[in-house]
Amino acid sequence: MTKEQRADYQKFATHCMKNKTPVKFNTGRYTVKALIYRLRDKTDEELFTVELADLNGCDSLITVGLEEFYKENNF
């Protein structure tokens, strides 16, 4: 993903998080709880992930890739 795409994906995830907009992933509906940035240990490759919480009231969280999250909700 390019820097421009990443900026768009981050903007979308941040918007969903601030407005508590329900999003879909696989077959479930979730809310965005966090946007996580980290570096891969040996290569220092940037990794962006989104933490999602279940809308059904379960305490489960899942972590998905930023690009995968964006594509699931915009296509």
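Residues numbered from 1 in each chain as written. Predicted model: local features only at pLDDT ≥ 70, side-chain atom pairs only at ≥ 80, totals over all residues. Heavy atoms only, no water.

Colleague: Lay out helix α1 (residues 3-18) in plain terms, naming residues and giving numbers.
Modeller: Taking 1.5 Å per residue as the helical rise, α1 with its 16 residues ought to reach 22 Å, and the 22 Å between its terminal C-alpha atoms agrees with that figure. Restricting attention to buried positions, one finds in α1 the residues R6, Y9, F12, A13 and C16. Projected down its long axis, α1 shows its buried positions confined to an angular sector of 130°, all on one face. Of the residues in α1, the exposed ones pointing more than 90 degrees away from the buried face are K3, E4, K11 and K18. On the buried face of α1, the contacting elements are β1 (23-25), β2 (28-39), β3 (46-54) and α2 (66-74). Looking one or two places after α1, you find K20, whose phi comes out positive at around 55°. (Helix = DSSP H or I, 4+ residues; strand = E, 2+ residues; numbered from the N terminus. Expected span 1.5 Å × (residues − 1). Buried < 20%, exposed > 50% of the residue type's maximum accessible area, 1.4 Å probe, protein only. Arc of directions from axis to C-beta. Contact = heavy atoms within 4.5 Å.)

Colleague: Requested: an account of the nonpolar core, with residues and values cited.
Modeller: One broad trend across soluble globular proteins is that nonpolar side chains are buried collectively. Counting residues in each nonpolar core, the largest one holds 14 residues, and the members touching the most others are V23, V32, V50, L52, V64, L66 and F69. Among the elements of the structure, α1, β1, β2, β3 and α2 are those that each provide at least two residues to this core. No other element matches α1, which puts 4 residues into this core. Once residues within four sequence positions are removed from consideration, V50 is found in contact with A13, V32, A34, L35, I62, T63, V64, L66 and F69. (Core = buried A, V, L, I, M, F, W, Y, C linked by side-chain atoms within 4.5 Å.)

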